[in-house]
Amino acid sequence: EYQRESLGWMRFLRDFGFGGCLADDMGLGKTVMVLAMLAARRDNSAAGQLPSLVVLPRSLLFNWMSEAARFAPSLRLRDFAHADRHQAADGIPHSDLVFTTYGTLRRDAAVLKDHRFDYVILDEAQAIKNATTATAKAVRLLHANHRLALTGTPVENHLGELYSLFDFLNPGLLGHQKSRRPKEDSQLATLARGLRPFILRR
């Protein structure tokens, strides 16, 4: 039931043009839920559907590709993290789901920013918790119709991490980080209410 709820939430975000953070704990099937959404989107869309991009740590690449092959075999997969990836760059528009790592994105942002994606999905999205890093700057160069972040820890140390995450998901929603950082409990409560529709955690 909670996985169906997640699919409905992702549909809500897409219909209203928002990005969101799926913040379920590890082991609740975030990968499978996203794959189900992407497979349904491909099956229900007209020809010419744009590819989607998943950015992830290298340690998760094999898991994502094997889960995609198992649960969404209709999706055409492309690994854009291996040494010969540049030779396959022309095939990105003809794929359904492209995988790259944060390290590869930092090196090849100039290549990937020239592609338009349906979804850009960040797994272990705490990788962009510091807005000033090269990784955070690189993901903001990507062009996508929709954006998702997957992380069980959207805030680990301070609220600045949340601002960095939402600057990717919904640019401008929280205003300028330094000028808008809440200082009182009432402001924190207001921030929590405002962000509730964009964060799903069970």
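These notes cover the structure that comes with them. Only a predicted model underlies this, so the values are computations on that prediction, with no experimental measurement involved.

### Observations regarding the overall build of the protein
- Along the backbone of the protein there are eight helices and seven strands.
- A globule of 202 residues ought to have a C-alpha radius of gyration of about 17 Å, and the protein, at 17 Å, matches this closely.
- When the backbone C-alpha atoms are referred to their principal axes, the protein occupies close to 50 × 40 × 30 Å.
- Out of the 202 residues in the protein, the part that is buried amounts to 45%.
- Accessible surface for the protein amounts to roughly 10,200 Å². Of this, 53% is attributable to carbon and sulfur atoms.
- With 27 positive and 21 negative side-chain charges, the protein shows a spacing of 4 Å between the two charge centroids.

### Considerations on the pattern of salt bridges
- Throughout the structure, instances matching the rule amount to eight salt bridges.
- The partner of D108 in a salt bridge is R85, with the nearest N and O atoms 2.5 Å apart. Of this pair, D108 sits in helix α4 (residues 102-112) while R85 sits in the loop between β3 (77-79) and β4 (97-101); the two residues are 23 residues apart in sequence, bridging distant segments of the chain. When sorted by exposure, D108 lands in the same class as R85, which is buried.

### Here's the deal with helix α1 (residues 2-16)
- The terminal C-alpha atoms of α1, which comprises 15 residues, lie 21 Å apart, in line with the 21 Å expected from a rise of 1.5 Å per residue.
- Buried residues of α1: S6, W9, M10, L13 and R14, and no others. One side of α1 carries all its buried residues, which in axial view fall inside an arc of 135 degrees. In α1, the exposed residues that point more than 90 degrees away from the buried face are R4 and F16.
- Against β1 (20-22), α2 (30-44), β5 (116-123), β6 (143-150) and β7 (199-200) lie the buried residues of α1.
- Among the residues trailing α1, G17 stands out with phi positive, at a value near 75 degrees.

### Re the side chain of T104
- Following the sequence through the fold, T104 ends up in helix α4.
- Ignoring any residue separated from it by four or fewer positions in sequence, one finds T104 in contact with R58, F80, A81 and R85.

### Comments concerning empty space enclosed by the protein
- Applying the stated rule across the entire model yields two cavities of 30 Å³ or more.
- When its volume is computed, the largest cavity comes out at roughly 70 Å³.
- What lines the largest cavity is simply L38, R41, R42, Q49, L50, S52, L75, D96 and D118.
- With three residues, the top contributor of residues to the lining of the largest cavity is α2.
- Per-class residue counts for the lining of the largest cavity are three nonpolar, two polar and four charged.
- Its volume calculated, the second largest cavity comes out at about 50 Å³.
- Residue lining of the second largest cavity: A125, Q126, I128, K129, T151, T153, P154, E156, E161 and L165, and that is the complete set.

### Focus on the packing of α2 against helix α3 (residues 61-71)
- The N-to-C vectors of α2 and α3 enclose an angle of 50 degrees; their axes lie 10 Å apart at closest approach. For the element pair α2 / α3, the angle class is oblique. Two packed elements cross with a definite hand, and for α2 against α3 that hand is right-handed. Note on element contacts: α3 touches α2 through N63, W64, E67, A68 and F71, opposite T31, V32, V34 and L35.
- Counted by class, the contact of α2 with α3 contains six nonpolar, two polar and one charged residues.

### Here's the deal with α4
- Of the positions making up α4, those classed as buried are Y102, G103, T104, L105, D108, A109 and L112.
- In this structure, the buried residues of α4 make contact with β2 (52-56), β4, β5 and α5 (134-139).

### Things to note about the sheet that holds β1
- If you trace the seven strands from one edge of the open sheet to the other, you get β3-β4-β2-β5-β6-β1-β7, paired in parallel fashion. The open sheet has two free edges, formed respectively by β3 and β7, since each of these has just one partner strand.
- By the bridge criterion, two bridges tie β1 to β7 in an arrangement that is parallel. Looking at β7, one finds that C21 is bridged to I199.
- Sheet strands touched by α3: β2, β3, β4, β5 and β6. Its angle to β3, the strand with the most contacts, is close to 165 degrees.
- Seen against the sheet, helix α6 (residues 160-169) touches β1, β5, β6 and β7 and runs at an angle of roughly 150 degrees to β6.

Rules used in this analysis
Residues numbered from 1 in each chain as written. Predicted model: local features only at pLDDT ≥ 70, side-chain atom pairs only at ≥ 80, totals over all residues. Heavy atoms only, no water. Helix = DSSP H or I, 4+ residues; strand = E, 2+ residues; numbered from the N terminus. Rg over C-alpha atoms; globule rule 2.2 N^0.38 Å. Buried < 20%, exposed > 50% of the residue type's maximum accessible area, 1.4 Å probe, protein only. Areas by Shrake-Rupley, 256 points an atom, 1.4 Å probe, with all protein chains shown as cover. Lys, Arg positive; Asp, Glu negative; His and termini not counted. Charge placed at Lys NZ, Arg CZ, Asp CG, Glu CD. Salt bridge = Lys/Arg side-chain N within 4 Å of Asp/Glu carboxyl O. Expected span 1.5 Å × (residues − 1). Arc of directions from axis to C-beta. Contact = heavy atoms within 4.5 Å. 1 Å grid on protein atoms, 1.4 Å probe; cavity = no way out; pocket = protein on both sides within 12 Å on 5 of 7 lines; lining within 4 Å. Points joined across faces, edges and corners; volume = space filled by probe spheres on them. Nonpolar A, V, L, I, M, F, W, Y, C, P; charged D, E, K, R; others polar. Axes fitted to C-alpha atoms, helices over the stretch in contact; angles between N-to-C directions. Parallel < 35°, antiparallel > 145°, perpendicular 65-115°, else oblique. Left-handed = near helix turned anticlockwise from the far one by under 90°. Pairing = 2+ DSSP bridges.

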